[in-house]
2 protein chains.
Amino acid sequence: MSLSKRDELVQGALKAFYAGGFHAIGMDRLAKEAGVSKTAIYKHFRTKEELILATLRLRDEQFRNWLIRRVEALAENPRDQLLAIFDALGEWFLEDGFKGCMFIKASSEYLDREDPIHVTSAEHKRLLKTYFKGIAQKAGARDPEALAKQILVIKEGAIVLAHLLDPAEVADDAKGLARIAIEDALR
Amino acid sequence: MSLSKRDELVQGALKAFYAGGFHAIGMDRLAKEAGVSKTAIYKHFRTKEELILATLRLRDEQFRNWLIRRVEALAENPRDQLLAIFDALGEWFLEDGFKGCMFIKASSEYLDREDPIHVTSAEHKRLLKTYFKGIAQKAGARDPEALAKQILVIKEGAIVLAHLLDPAEVADDAKGLARIAIEDALR
DNA sequence: ATCAACATTTACCGATCAGTTAATGTTGAT
DNA sequence: ATCAACATTAACTGATCGGTAAATGTTGAT
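Keep in mind the model is a prediction, meaning the values are calculated, not measured.

## Digging into the overall build of chain A
Of regular secondary structure, chain A possesses nine helices and zero strands. Secondary structure elements of chain A occur, N-terminal to C-terminal, as α-α-α-α-α-α-α-α-α. Structurally, chain A occupies a C-alpha span of about 60 × 35 × 30 Å along its principal axes. Taking the intrachain contacts of chain A between residues at least 6 apart in sequence as the baseline, contacts between residues at least 24 apart amount to 67%. When the accessible surface of chain A is totalled, it reaches about 8,500 Å², and 49% of it is carbon and sulfur. Distance between charge centroids for chain A: 4 Å, based on 29 positive and 29 negative side chains.

Next up, the structure:
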């Protein structure tokens, strides 16, 4: 029970931080939105930073699970899956309440490379790269690591721009660019 | 004189916001770092938001000027200039105190698309796209607008990842990806 | 020298920040 | 019913938030 309460807290914090930003959302507000007292939160998390780290771990799991399943649902063979990454992203961009990448936001607010929040955000990107590399390998890419890194660059650029400019347009641009990169890597 | 004082203020705020984040840096701290009183700042800017907008306008001018001149210095013909964009970015990534893109950070803290800070950040990206499109046209790209948007995607992804992972490596990856996109667009 | 106009300062406003203390439930075993 | 263990609370801390009012320089024209 106490565990599920903690999870509820993290879920709520995730939503609030994603919609409002980490510095902008205070612990009082988090407590009020979760319907508990601030002290109750501090029973589960020693500091705000710990709570943020917990939300990032949850988000990492959520996002990568979602992406992996969505890609598998959209395409069968590895080559098509590499492209399907950008179809999945396009769907995300058009969702209500899309406001960019949680980890880009986190690293934008906690700027020092040694900051645990920054480190956790970097790790998320590394895990994505590893996932992309796996598909690139199965697709028979000449240099799977290189292709994975290119896909990652395109993905991050697309997310940033989808939040600033026209999301549908950016999704198309990113997919077109990915197609060129994939073709080149599999040639 | 009063104008240059204002400019000094904006310069100082730019540095502070870039290194520390917008919410994290308070007006008291800005005043102390600038060596003036808070009231003196509020004589020039009605709100913190106005000061932030002024820093973003300055940063837009600084960054685009720097990029344009650096690219022109690095390459003569338009095709090479498109690639040189990523040499210039690579230099920036390796500078001391590089902490990502000011506008990505701004749009990460001011999330609503209607927020003036967000709007200003989007405008910066649009201006960059226009700059890229101009070079793409001179280079004889099949679809200059499309290439410009691809270059922009690569650039934003590279900046984000350079702040999270290995900057030199990311710069190389981005340039390699750009080369493929440029070749394709000029084929 | 005086005085008005402007620039700058100190000191303050209520609100909120992250985090804590001390008191008040609530629960389960006896 | 009692009491210990735990969960939860309201109320508070000092610091800082963005922004302002009132007081104190500083300056230039007369």
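## Quick word on the interface of chain B and chain A
Between chain B and chain A, the residue contacts involve 42 residues of the former and 42 residues of the latter. In total, about 3,800 Å² of surface goes out of reach between chain B and chain A, with carbon and sulfur atoms giving 68% of it. Taken together, the links from chain B to chain A amount to 14 residue pairs in polar contact (both at pLDDT 80 or more). Counting residues per element, the ones that place at least two in the side of chain B that touches chain A are helix H1 (2-20), helix H6 (102-109), helix H7 (116-138), helix H8 (144-164) and helix H9 (167-186) of chain B. Here the side of chain B that touches chain A gets 13 residues from one element, more than from any other, and that element is H8(B). For the side of chain B that touches chain A, the residue count by class is 19 nonpolar, 11 polar and 12 charged.

## Quick notes on the protein's contact with DNA strand C
In the neighbourhood of DNA strand C, 14 residues make up the surrounding shell, with Met27(A), Lys38(A), Lys48(A), Ser37(B) and Thr39(B) lying closest. Tyr42(A) has a polar side-chain atom sitting 3.0 Å from a phosphate oxygen of DNA strand C. Among the secondary structure elements, those contributing two or more residues to the surface near DNA strand C are helix H2 (27-34) and helix H3 (38-44) of chain A together with helix H3 (38-44) of chain B. When grouped by side-chain class, the residues that make up the surface near DNA strand C number five nonpolar, five polar and four charged.

## Observations concerning the relation of the copies chain B and chain A
Superposing chain B onto chain A takes a rotation of 180° plus a shift of 0.0 Å along the axis, which leaves an RMSD of 0.0 Å. Each copy turns onto its partner about a two-fold axis. Among all C-alpha atoms of chain B, that of Gly157(B) lies closest to the rotation axis, at 1.8 Å.

## Some words on the protein's contact with DNA strand D
Around DNA strand D, the surrounding shell holds 15 residues, and the nearest of these are Ser37(A), Thr39(A), Met27(B), Lys38(B) and Lys48(B). Between DNA strand D and the protein, one listed contact pairs a base nitrogen with a side-chain N or O atom of Thr39(B) at 3.2 Å. Residue Lys48(B) places a side-chain N or O atom 2.3 Å away from a phosphate oxygen belonging to DNA strand D. Breaking the surface near DNA strand D down by element, the ones donating at least two residues are H3 of chain A together with helix H2 (27-34) and H3 of chain B. Its residues placed into classes, the surface near DNA strand D shows five nonpolar, five polar and five charged.

## Digging into the packing of aromatic side chains
Under the defined criterion, the tally for this structure stands at 18 aromatic pairs over all chains. Ring geometry for Phe63(A) against Trp66(A): centres 5.7 Å apart, planes inclined by 45°, an arrangement best described as tilted. Here Trp66(A) and Phe63(A) lie together in helix H4 (residues 48-74), a separation of three residues that amounts to about one turn. Assessed through its relative accessible area of 5%, Phe63(A) is described here as buried. Of the residues examined, Trp66(A) reaches a relative accessible area of 26% and is grouped as partly exposed. With 4.9 Å between their ring centres and 85° between their planes, Trp92(B) and Phe98(B) make a pair best called edge-to-face.

## Quick word on the environment of Met27(B)
Residues and elements named next belong to chain B. Looking at where methionine 27 falls in the secondary structure, it is placed in helix H2. Separated by 75 residues in sequence, methionine 27 and methionine 102 place their C-alpha atoms 18 Å apart. In this view, methionine 27 contacts Lys38, Ile41, Tyr42, Lys48 and Leu51; residues no more than four positions away in its chain are not counted.

## Section: empty space enclosed by the protein
Enumeration according to the criterion identifies three cavities of 30 Å³ or more in this entry. By volume, the largest cavity amounts to about 90 Å³. Every residue lining the largest cavity is listed: Lys99(A), Gly100(A), Cys101(A), Ile104(A), Lys105(A), Ile159(A), Val160(A), His163(A), Ile104(B), Ser107(B) and Ser108(B). Broken down by class, the residue content of the lining of the largest cavity amounts to five nonpolar, four polar and two charged. The computed volume of the second largest cavity comes to approximately 70 Å³. Taken together, Ile104(A), Ser107(A), Ser108(A), Lys99(B), Gly100(B), Cys101(B), Ile104(B), Lys105(B), Ile159(B), Val160(B) and His163(B) make up the lining of the second largest cavity. Listing elements by their share of the lining of the second largest cavity, those giving two or more residues are helix H6 (102-109) of chain A together with H6 and H8 of chain B.

## Things to note about the side chain of Lys149(A)
Residue placement: Lys149(A) occurs in helix H8 (residues 144-164). Looking at Lys149(A), the relative accessible area reads 13%, which means it is buried. Not counting the four nearest positions on each side in its chain, Lys149(A) is found in contact with Lys129(A), Glu169(B) and Asp173(B).

Conventions we followed
Residue numbers run consecutively from 1 along every chain, following the written order of its sequence. Chain labels run from A onward and ligand labels from 1 onward, assigned in the order the entries are written. Given that this is a predicted model, residues contribute local features only at a pLDDT of at least 70 and side-chain atom pairs are listed and counted only at 80 or more, while totals for whole chains, interfaces and linings are drawn from all residues. Only hydrogens and water are removed before side-chain values are computed, so all heavy atoms of the structure are retained for them. Labels follow the DSSP assignment, with helices taken as runs of H or I lasting at least four residues and strands as runs of E lasting at least two, numbered in each case from the N terminus. By definition, residues are in contact when any of their heavy atoms lie within 4.5 Å. Only the protein chains shown count as cover for residues, and the accessible areas themselves come from Shrake-Rupley with a 1.4 Å probe. For the purpose of counting charges, residues Lys and Arg are taken to be positive, whereas Asp and Glu are taken to be negative. His and the chain ends are not included. Charge placement uses NZ in Lys and CZ in Arg. For Asp and Glu, CG and CD serve respectively. Two parts placed together each lose some accessible area; with a 1.4 Å probe, that loss summed over both constitutes the buried area. In the analysis that follows, any N or O atom pair within 3.5 Å is treated as a polar contact, provided that within protein one partner can donate a hydrogen and the other can accept it, and provided that, for residues neighboring in sequence, both atoms belong to side chains. Ten residues, namely Ala, Val, Leu, Ile, Met, Phe, Trp, Tyr, Cys and Pro, are considered nonpolar, four, namely Asp, Glu, Lys and Arg, are considered charged, and the remaining ones, Gly among them, are considered polar. Proximity is defined per residue: if any heavy atom of the residue lies within 4 Å of a molecule or strand, that residue is considered near it. We place the copies in one frame by least squares, fitting the C-alpha atoms of every residue whose pLDDT is at least 70 in both. When two rings of Phe, Tyr or Trp (its six-membered ring) have centres within 6.5 Å they constitute a pair, described as stacked for plane angles under 30 degrees, edge-to-face for angles over 60, and tilted for the intermediate range. Only protein chains enter the calculation, and the probe is 1.4 Å; a residue is then buried if its accessible area is under 20% of its type maximum, exposed if over 50%, and partly exposed in between. Within this scheme a cavity is a closed region of a 1 Å grid, computed over the protein atoms alone, that accommodates a 1.4 Å probe without allowing it to escape, whereas a pocket is open but has protein on both sides within 12 Å along at least five of seven lines; lining residues each have an atom within 4 Å of a point. Grid points are joined across faces, edges and corners, and a volume is the space filled by probe spheres set on the points.

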